[in-house]
Amino acid sequence: MKTYIFDLDNTLYPEEKNVFPLIDARINAYMSHYLKIPAEEVDSLRRRYLRLYGATMKGLMLHHRVDPEDFLAYVHDLDLTRFLEPNPGLRSVLHSLPGRKVVFTNASLEHALRVLQALGLEDLFEHIFDIRTAGYTPKPFSEPYLEILRRLELFGPECVMVDDLPDNLRTAKKLGMYTVLIGTTDGHGHVDCCVPRACRIREALEKLGI
Ligand SMILES: [Mg+2]
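Residues numbered from 1 in each chain as written. Predicted model: local features only at pLDDT ≥ 70, side-chain atom pairs only at ≥ 80, totals over all residues.

The next thing to look at is the environment of Glu 147. Assignment of secondary structure puts Glu 147 in helix 7 (residues 142–152). The class for Glu 147 is partly exposed, based on 15 C-beta atoms found within 10 Å. In this structure the C-alpha to C-alpha distance between Glu 147 and Gly 99, which are 48 residues apart in sequence, comes to 20 Å. With residues near it in sequence (within four places) discarded, Glu 147 still touches Thr 133 and Ala 134. (Helix = DSSP H or I, 4+ residues; strand = E, 2+ residues; numbered from the N terminus. Buried ≥ 20, exposed ≤ 12 C-beta atoms within 10 Å, placed from the backbone. Contact = placed C-beta atoms within 7 Å.)

Now the structure itself:
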């Protein structure tokens, strides 16, 4: 029996729901309104911090003394019920998976709970691992993955990681996990299998023989 580690945004609901652009816009607003960074510099700074630290927030903490809790509360302050609705199909698929299920997200626990509630999935996951799991170090850095394995008392090969970003699955694969990409495959060696939607996860598991 495996433990299923699910990413949240663009994995448990499709990218077309356009939740991510809303968060993106709030990150930009936070940087220009609160940090007074000129609007034309925001994009390049975000790209730089993403490249250097894996997340905009980490760069803002290091270079602008941003309080991560303040940042997380601001950027995830969204009324998600306007964008997401209960997904009974996904619910029954997840419910039928034999094994523990957890969420692993680079967002906050509060955001994860709002998303899961909007999707009608809030009672299906044993634990939510958020950006605080390893002191605000995000995926794809290995620290939060190792912390999750430690807390769940599991080894990599006992887990199936499901994520829409191939980079996040690379770390999972290095730790011996099975990896399922939500999306289309583009020949990444660290992706075991891919399906276009989370509700089709069983097809991936059958292919993997697990
Ligand atoms: Mg995602």
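Moving on, we get to the domain arrangement of the protein chain. How big an interface is tends to be expressed through the accessible area that disappears when the partners come together. Once the domains are mapped, the protein chain shows domain 1 (3–15 + 85–208) and domain 2 (20–75). Residue-level contacts link nine residues of domain 1 with eight residues of domain 2. Taken together, the residues of the side of domain 1 that touches domain 2 break down into four nonpolar, three polar and two charged. (Domains from an automatic or database assignment. Nonpolar A, V, L, I, M, F, W, Y, C, P; charged D, E, K, R; others polar.)

Every buried residue of helix 7 is accounted for by Pro 144, Tyr 145 and Ile 148. Seen end-on, helix 7 carries its buried residues on one side only, within an arc spanning 105°. Following helix 7 by one or two positions, Glu 153 adopts a phi angle in the positive range, close to 55°. (Arc of directions from axis to C-beta.)

Here we take up helix 4 (residues 68–75). Where helix 4 is concerned, the buried positions are Phe 71, Leu 72 and Val 75. End-on, the buried residues of helix 4 take up no more than an arc of 95°, which puts them together on one face. Pointing more than 90 degrees away from the buried face of helix 4 are the exposed residues Glu 69 and Asp 70.

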